[in-house]
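# Coordinate inspection notes
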Amino acid sequence: KKTNVPKCSLSLTRFLWPEVFRYGGWALLALALAMVALLVWDWTLRSRLVARTAELRRTNDHLRKREAHFRALTGMSTDWYWEQDARFRFTAMEGELQERTGISNTEHFGKTRWDLPALNMSAADWTKHRATLDAHLAFSNLEMRRPDAGGRMHWVSVSGEPVFDAARKFTGYRGIGRDITERK
């Protein structure tokens, strides 16, 4: 009995049943080859994913070490670290502000620097400081006399720099503060 299987140099019919090819076997072979190709593609993607995950872990570890280094350095030169949003409202305050000055970290959140009492700052001083912030310029050693909750006066010095995102859009300020009461 003759089959309608095409002849080829390797004669696939030696390895596979001739009846399979008679009833759509070529389609099954194509499907099997497609599945093998998908498995190879899946393996390649998984290998890339594993490599990328390892790279991200290394990057995260590096960033954690740099952040710890940064915090150690700022801890040596400052009493607290602060951040503000694009509207100059405090969003973060870390360090020893309350321990050094008696002024609570939480009373800063959501407020601007000029919303808080600074007895030595005149309206002209605030206008000058706000112009610096509006121009997104760095500032240093802005000294303010502030009362704590008990009414005792403390002198603080703050410095800050503007923060921009990857698209160079202004996102706020971050900076440091020190208690300078003993010096004053």
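An account of the accompanying structure is given in this report.

Conventions used here
- Residues numbered from 1 in each chain as written.
- Predicted model: local features only at pLDDT ≥ 70, side-chain atom pairs only at ≥ 80, totals over all residues.
- Heavy atoms only, no water.
- Helix = DSSP H or I, 4+ residues; strand = E, 2+ residues; numbered from the N terminus.
- Contact = heavy atoms within 4.5 Å.
- Pairing = 2+ DSSP bridges.
- Axes fitted to C-alpha atoms, helices over the stretch in contact; angles between N-to-C directions.
- Salt bridge = Lys/Arg side-chain N within 4 Å of Asp/Glu carboxyl O.
- Buried < 20%, exposed > 50% of the residue type's maximum accessible area, 1.4 Å probe, protein only.

### Focus on the environment of Glu96
Counting through the fold element by element, Glu96 comes out in the loop between strand E2 (90-95) and helix H3 (97-101). Each C-alpha atom, one on Glu96 and one on Gly177, is 9.5 Å from the other, the two residues being 81 residues apart in sequence. Aside from chain neighbours lying at most four places away, what touches Glu96 is Asp79 and Trp80.

### As for the sheet that holds strand E5 (residues 170-179)
With respect to topology, five strands assemble into an open sheet ordered E2-E1-E5-E4-E3, the strand pairing being antiparallel. A single partner strand is all that each edge strand has here, and the edge strands are E2 and strand E3 (139-147). Going from strand to strand, the sheet's axes swing by 25° on average, the running direction of each strand aside. The sheet contact formed by strand E4 (residues 153-164) and E5 spans nine bridges and is antiparallel. When the sheet's bridge partners are listed, Val156 is paired in E5 with Asp179.

### Things to note about the pattern of salt bridges
What the rule picks out here adds up to nine salt bridges. One salt bridge in this structure joins Arg152 and Asp148, with 2.9 Å as the shortest N-O distance. Given a relative accessible area of 56%, Arg152 falls into the exposed group. Among the salt bridges present, the one from Arg174 reaches Glu161, with a minimum N-O distance of 3.5 Å.

Scope: geometric values only; no functional claims are made or implied.
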